[in-house]
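# Secondary and tertiary structure notes
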Amino acid sequence: MFSKLAKVANAAFAVALGAALLGTGAGAAQAEPGPPVVGGGSGIIIDNQFECTVTTVGHDNAGRLVGLTAGHCGDPGAEVFAESNRGAGVIGRFVYSNHDLDYAVIQFEPGRIVPVNRVGNVTITGLGAPAAFPMIVCKEGRTTGNTCGISWGDVFGSNMETWSQMCVVEGDSGAPVVVGTTLVGMVNAYLALACFGPEVGTNMSAIMDDINARGGVGAGFLPI
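Just so you know, these numbers come straight off a predicted model, no measurement behind them.

A contiguous nonpolar patch, built from Phe133, Trp152, Val155 and Phe156 and spanning about 410 Å² of accessible area, is present on the exposed surface. As for its placement among the helices and strands, Phe133 is situated in the loop between β13 (126–127) and β14 (136–141).

This is the structure we're talking about:
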């Protein structure tokens, strides 16, 4: 999806997509007592190299504890560490990554995290339809925290992504996009200029349709 989007947008914007929202590297490990608290908006480190943001944490229809993030953050088998407590070790692994829709499924190790539905100023109580113009959407990212802006809606009629005017920069990939407490999408990219250019992200409706059609880990996902 995002390679197609880049071709369309390039005529109007200088495009910074996909991996541009990954972090530039991981810092020193920290040790904190007990398992780390992880939810939509938490920072994660992938393979001790890249920093991204968790979209949401919940259970699939088999009772597995799973989470979502951006697909360009890692491929199946990639190890996940909590940025807040790297000393806790590997908390989960990527089990599926879809580079067309740019989302990934993480399966967390039993007992290795404390899952929550609120991080910072974003609480997730359910999944919902894409945001349309002129709704106000907000996100919680590991780099820029909580920012909000107007939704431009599905600019190119793809039925997969929504554009908005929110500040996002490197490391915010995967951040939950909400309307109130309803999760409607994730952060995947920005166009033209970090924090000032439009943000574009995959709709949760498109992600869930794909996850459920594929089956396996993540199917039937519901947030904590």
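Once the structure has been displayed, the description carries forward.
Another aspect to go through is the state of the cysteines. Per the counting criterion, the structure on display carries three disulfides. Disulfide partner of Cys138: Cys148, at an S-S distance of 1.9 Å. Across the S-S bond linking Cys138 and Cys148, the dihedral sits near 105°, which makes this disulfide right-handed. Of this pair, Cys138 sits in strand β14 while Cys148 is found in strand β15 (residues 145–153), placing the two residues 10 residues apart along the sequence.

Taken as a whole, this structure holds five salt bridges when the rule is applied. Between Arg142 and Glu51 there is a salt bridge, and its shortest N-O distance comes to 3.6 Å. Of the two residues, Arg142 sits in the loop between β14 and β15 while Glu51 sits in strand β4 (residues 50–53), which places them 91 residues apart along the sequence. Where Arg93 meets Glu79, a salt bridge forms, and the shortest distance between an N and an O atom there is 3.5 Å. In this pair, Arg93 is assigned in strand β8 (residues 90–98) and Glu79 in strand β7 (residues 79–82), connecting sequence segments 14 residues apart. The class of Glu79 is partly exposed, set by a relative accessible area of 28%. The structure contains a network of salt bridges with shared partners spanning Glu51, Glu83 and Arg142.

The next subject is the nonpolar core. Within the largest apolar cluster, 35 residues are counted, with the highest numbers of intra-cluster contacts made by Val38, Phe94 and Phe108. Of all elements in the fold, only β3 (43–46), β6 (65–70), β7, β8, β9 (103–108), β18 (182–186) and α2 (204–214) reach the threshold of two or more residues within this core. Of all the elements, β9 adds the most residues to this core, at five residues. Taken domain by domain, this core gets at least three of its residues from each of domain 1 (37–118 + 210–223) and domain 2 (120–204). The next biggest cluster of nonpolar side chains, apart from the first, holds nine residues, and it includes Met166, Val168, Ala175 and Tyr190.

Conventions we followed
Residues numbered from 1 in each chain as written. Predicted model: local features only at pLDDT ≥ 70, side-chain atom pairs only at ≥ 80, totals over all residues. Heavy atoms only, no water. Patch = residues over 30% accessible without salt bridge, like charges linked within 9 Å, V, L, I, M, F, W, Y side chains within 5 Å. Areas by Shrake-Rupley, 256 points an atom, 1.4 Å probe, with all protein chains shown as cover. Salt bridge = Lys/Arg side-chain N within 4 Å of Asp/Glu carboxyl O. Helix = DSSP H or I, 4+ residues; strand = E, 2+ residues; numbered from the N terminus. Disulfide = S-S within 2.5 Å. Buried < 20%, exposed > 50% of the residue type's maximum accessible area, 1.4 Å probe, protein only. Core = buried A, V, L, I, M, F, W, Y, C linked by side-chain atoms within 4.5 Å. Domains from an automatic or database assignment.

All we've got here are geometric facts, nothing functional implied.
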